[in-house]
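Observations on chain architecture
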Amino acid sequence: MTRLGRRAVLAGLAAAALPRPALPRPALAQGARGRVVVVGGGFGGATAARVLHRAGLAVTLVEPAETYWACPFSNEVIAGLRPMSAQAFGYDALRASGVTLARTSAEAIDGAARRVRLADGTALDYDRLILSPGIALRFDALPGYDAAAAEVMPHAWKAGAQTELLARQLAALPEGGTVVLSVPGNPYRCPPGPYERASLIAHYLKTRKPRAKLIVLDAKDTFSKQKLFQQAWAALYPGILDYVPLAAGGQVTSVDATAMTVATDFETYKADLACIIPPQRAAPIASAAGVADRSGWCPIDPVTFESRLVPGIHVVGDAAIAGAMPKSAFAANAQGKVCAEAVIDLLAGRAPEAPKLINTCYSLVAPGYGISVAGVYHPANGVLADVEGAGGTSPVDAPETVRRQEAVYAEDWYRTITAAVFG
Amino acid sequence: MRASLLLVLLATTPAAASPPGASSCSGCHGAPGGAVPSLAGHSADDIAASLAAFRSGARPATVMNRIAKGFSDDESQAIAAWIAGGGQ
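Residues numbered from 1 in each chain as written. Chains lettered and ligands numbered in written order. Predicted model: local features only at pLDDT ≥ 70, side-chain atom pairs only at ≥ 80, totals over all residues. Heavy atoms only, no water.

Going by what an unreviewed UniProt entry lists, chain B is known as Cytochrome c domain-containing protein and is assigned to Methylobacterium indicum.

Within an unreviewed UniProt entry, the label attached to chain A reads Cytochrome C, and the organism entered is Methylobacterium indicum.

Another aspect to go through is the domain arrangement of chain A. Many analyses report the size of an interface as the accessible area lost when the parts associate. Residues and elements named next belong to chain A. Taken domain by domain, chain A holds domain 1 (24–64 + 104–134 + 283–353) and domain 2 (149–279). One C-alpha centre belongs to domain 1, the other to domain 2, and the line joining them spans 34 Å. Taken together, the contact between domain 1 and domain 2 spans five residues of the former and five residues of the latter. Interface of domain 1 and domain 2: buried area, both sides summed, is about 390 Å²; carbon and sulfur atoms make up 58% of it. When the buried surface of domain 1 facing domain 2 is broken down by residue, W297, D318 and K327 rank first, second and third, together holding 79% of it. On the surface where domain 1 and domain 2 come into contact, there are one salt bridge. Here D318 and R189 are joined by a salt bridge, their closest N and O atoms 2.5 Å apart. Its residues placed into classes, the side of domain 1 that touches domain 2 shows two nonpolar, one polar and two charged. (Domains from an automatic or database assignment. Contact = heavy atoms within 4.5 Å. Buried area = accessible area lost by both parts, 1.4 Å probe. Salt bridge = Lys/Arg side-chain N within 4 Å of Asp/Glu carboxyl O. Nonpolar A, V, L, I, M, F, W, Y, C, P; charged D, E, K, R; others polar.)

Atomic detail in the predicted coordinates should be set aside for any region of low pLDDT. Scored by pLDDT, chain B comes out at a mean of 86, with 82% of its residues at no less than 70. Confidence drops under pLDDT 50 across residues 1–15 of chain B; counting only partners more than four residues distant or on other chains, this segment forms 22 contacts. (pLDDT = per-residue confidence, 0-100.)

Here the focus is the sheet that holds strand β12 (residues 213–218) of chain A. All names here are of chain A. The strand order β13-β12-β11-β17 describes an open sheet built from four strands, whose pairing is parallel. The sheet is open, and its two borders are formed by β13 (241–244) and β17 (273–276), each paired with just one other strand. Pairs of neighbouring strands in the sheet enclose a mean axial angle of 15°, with direction left out of account. The pairing of β12 with β13 spans four bridges and is classified as parallel. Following the sheet pairing, L214 is matched in β13 by L241. (Pairing = 2+ DSSP bridges. Helix = DSSP H or I, 4+ residues; strand = E, 2+ residues; numbered from the N terminus. Axes fitted to C-alpha atoms, helices over the stretch in contact; angles between N-to-C directions.)

For the rest of this paragraph, the subject is empty space enclosed by the protein. Throughout the structure, instances matching the rule amount to two cavities of 30 Å³ or more. Each pocket or cavity is described by its volume, and for the largest cavity that value is around 130 Å³. V338, E341 and P355 of chain A together with A17 and S18 of chain B are the residues nearest the centre of the largest cavity, which is lined by 17 residues in total. (1 Å grid on protein atoms, 1.4 Å probe; cavity = no way out; pocket = protein on both sides within 12 Å on 5 of 7 lines; lining within 4 Å. Points joined across faces, edges and corners; volume = space filled by probe spheres on them.)

Once that is clear, we can look at the environment of F422 of chain A. Residue and element names in this part refer to chain A. Its location among the elements puts F422 in helix α11 (residues 400–422). With a relative accessible area of 6%, F422 lands in the buried category. For the pair F422 and V252, spaced 170 residues apart in sequence, the C-alpha to C-alpha distance is 37 Å. Apart from residues lying up to four places away in sequence, F422 is in contact with G41, G42, F43, A46, R50, Y68, F89, G90, Y91 and A93. (Buried < 20%, exposed > 50% of the residue type's maximum accessible area, 1.4 Å probe, protein only.)

Below you can see the structure in the form of structure tokens.
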């Protein structure tokens, strides 16, 4: 019998013999025994913890924060289009569902002893660990840009206080002021995010500070959804948004937070407001666990997301080197599910099947004007590769109705995914 | 008879995992009432037919035509059966 045939028969029998919700879940963890620890309660980690718990496994989620501030849509907060409260999520529902939460941070991971040492002095032993730690901003990569400078020139690349700081600075921008936005080279969290931010800041300037300007300094020449963004910029923000790619001298080489200047090899820009998105790497716990390589990111097996460097530790989300998959909330959520299922299989002594994963990312270039990029990924030659012929961006020649529809879908996606992860 | 056959099938079902690609769907498709259609309550045939129509372009879409092209007919049917069976 083919796999599909067996599944179809099974589904048919299930429908006939049992109330539907009773069947698949308890069967999931069949034969799986073991302790799983998940480190990091974002889109990847909280998702993985949910799937593992639903399958009947003992899982502890290590997350020190009581509130999770979501990055998707935080560019709208910066542009004054959305309250910060719309980005806040808690862990009460996860806790109520039965997931054990350790409200502390992981300080060290001993991959040989399979033990996590926690900041509260306790330790957790594991059979499998899922690490979803997110990113760290590199304060050693751009001369002049350190943690103190970030309080003057916000990155706002981790949602929370930084988002609110940038929103306040934008609201206080003098008439006719200059905003400088610095965009790093690849890889970094949320590839289209800087360009959505540029768009929505430009929208804010156009509607609230019409004599002000935005200069976008980019360390690269090509970027996600580029044609769509540039088409929208030409239509909506001429004379407001000035985009300077690498080839035109856009790479920022240093900043001075006291003088409020941003320098490239060719020019020094005086800013009234500077948003500096610096280079990034996996959060420090990844290096402490030995799962980050010299790039600062974590190489993984594309079927199980198990670290290439330390057995028993799986890495999902922005910290992972996931091949063609972007560092996005959607991707982290999809990876959290696939990784959790692989961990269940491994704990049951089964070989996980090669997965496929989807990513869909929406960006707003103005209120009611959405664009998207989608992709389907599978393991090929040891990495997660694009499935040929699938994916791509919204059509460049799409009518206004499609842009409006994608803006609605973007909002709906956010509502759905945050409910699935935190609700 | 039917129940015992079910147990045998369950015991020999090899993978814990959902079919390739299936678990990603709930990233967008959630509870009924949103702008993105919920998949709850749809039959496997309906879902598989929609995926086939998205793949061929017969059914217009924003992102689903781009996504459906990443799956074969067999894969689409496996996904449809899993979702119709309550997978998420």
